[in-house]
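Next come the chains, spelled out residue by residue.
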Amino acid sequence: MWIGWIEFDLLLGDVHSLKEKRSILRPIIADLSRRTEAAVAEVADHDLHRRAVVGVAVVASGSSHVRDVLDRAERTVADRLEITLLSARRGLHSSDD
């Protein structure tokens, strides 16, 4: 079994409140969840208006499937015009590790 994750550090646009931040993140998280069928959540920077860290995690029997899902997630985030992707950090582990 393989476990993979990717964490996106995002800069949001002209956001002045946590309510505005949620209105931007909610559709991004829903889109990621739908396109990847993986677990997706905001995982850090909850109290900052213009920054967000979104994580995607997937478990699969093969490492190639995990990589494909993580690649799809990264393309999905990079294609969003309303945000700037500052960085993406990945991890991949086997249950044998």
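So, a few notes on the structure that sits alongside this text. Bear in mind the structure is a predicted one, so any value in this text is a computation, not a measurement. (Residues numbered from 1 in each chain as written. Predicted model: local features only at pLDDT ≥ 70, side-chain atom pairs only at ≥ 80, totals over all residues. Heavy atoms only, no water.)

**As for the overall build of the protein chain**
Phase 1: Tallying secondary structure elements over the protein chain gives two helices and four strands in all.
Phase 2: Each helix and strand of the protein chain, ordered N terminal to C terminal, gives the series β-α-β-β-α-β.
Phase 3: Its C-alpha radius of gyration of 14 Å places the protein chain within 12% of the 13 Å reference for a compact globule of 97 residues.
Phase 4: Referenced to the eigenvectors of the C-alpha coordinate spread, the extents of the protein chain come out at roughly 45 × 20 × 20 Å.
Phase 5: Expressed as a percentage of the 97 residues in the protein chain, the buried residues total 35%.
Phase 6: By element, 52% of the accessible surface of the protein chain is carried by carbon and sulfur atoms, the whole surface being about 5600 Å².
Phase 7: A distance of 4 Å separates the average location of the 14 positive side-chain charges in the protein chain from that of its 16 negative side-chain charges. (Helix = DSSP H or I, 4+ residues; strand = E, 2+ residues; numbered from the N terminus. Rg over C-alpha atoms; globule rule 2.2 N^0.38 Å. Buried < 20%, exposed > 50% of the residue type's maximum accessible area, 1.4 Å probe, protein only. Areas by Shrake-Rupley, 256 points an atom, 1.4 Å probe, with all protein chains shown as cover. Lys, Arg positive; Asp, Glu negative; His and termini not counted. Charge placed at Lys NZ, Arg CZ, Asp CG, Glu CD.)

**Considering the side chain of D9**
Phase 1: Within the secondary structure, D9 is located in strand β1 (residues 2-12).
Phase 2: In contact with D9, not counting residues within four places along its chain, are R51, A52, V53, T84, L85, L86, S87 and R89. (Contact = heavy atoms within 4.5 Å.)

**Observations regarding the sheet that holds strand β2 (residues 39-44)**
Phase 1: The four strands lie next to each other as β2-β3-β1-β4, forming an open sheet whose pairing is antiparallel. The open sheet is flanked by β2 and β4 (83-94), the only strands paired with a single partner. Each adjacent strand pair in this sheet contributes to an overall mean axis angle of 20°, direction not counted.
Phase 2: Relative to strand β3 (residues 51-60), β1 runs antiparallel, the two sharing 10 bridges. When the sheet's bridge partners are listed, W5 is paired in β3 with A57.
Phase 3: Running at roughly 10° to β1, helix α2 (residues 63-78) makes contact with β1, β3 and β4 of the sheet. (Pairing = 2+ DSSP bridges. Axes fitted to C-alpha atoms, helices over the stretch in contact; angles between N-to-C directions.)

**Quick notes on a nonpolar patch on the surface**
Phase 1: Together, M1, I3 and V59 make up an exposed nonpolar region whose accessible area comes to about 290 Å².
Phase 2: Mapping I3 onto the fold places it in strand β1. (Patch = residues over 30% accessible without salt bridge, like charges linked within 9 Å, V, L, I, M, F, W, Y side chains within 5 Å. Salt bridge = Lys/Arg side-chain N within 4 Å of Asp/Glu carboxyl O.)

**Quick notes on the pairing of β2**
Phase 1: Here five bridges tie β2 to β3, and the two strands are oriented antiparallel to one another. The residue bridging A39 from the neighbouring strand is A57, located in β3.
Phase 2: Remark: six residues form the turn of the hairpin made by β2 and β3, two consecutive strands paired antiparallel; D45 in that turn has positive phi of roughly 60°.

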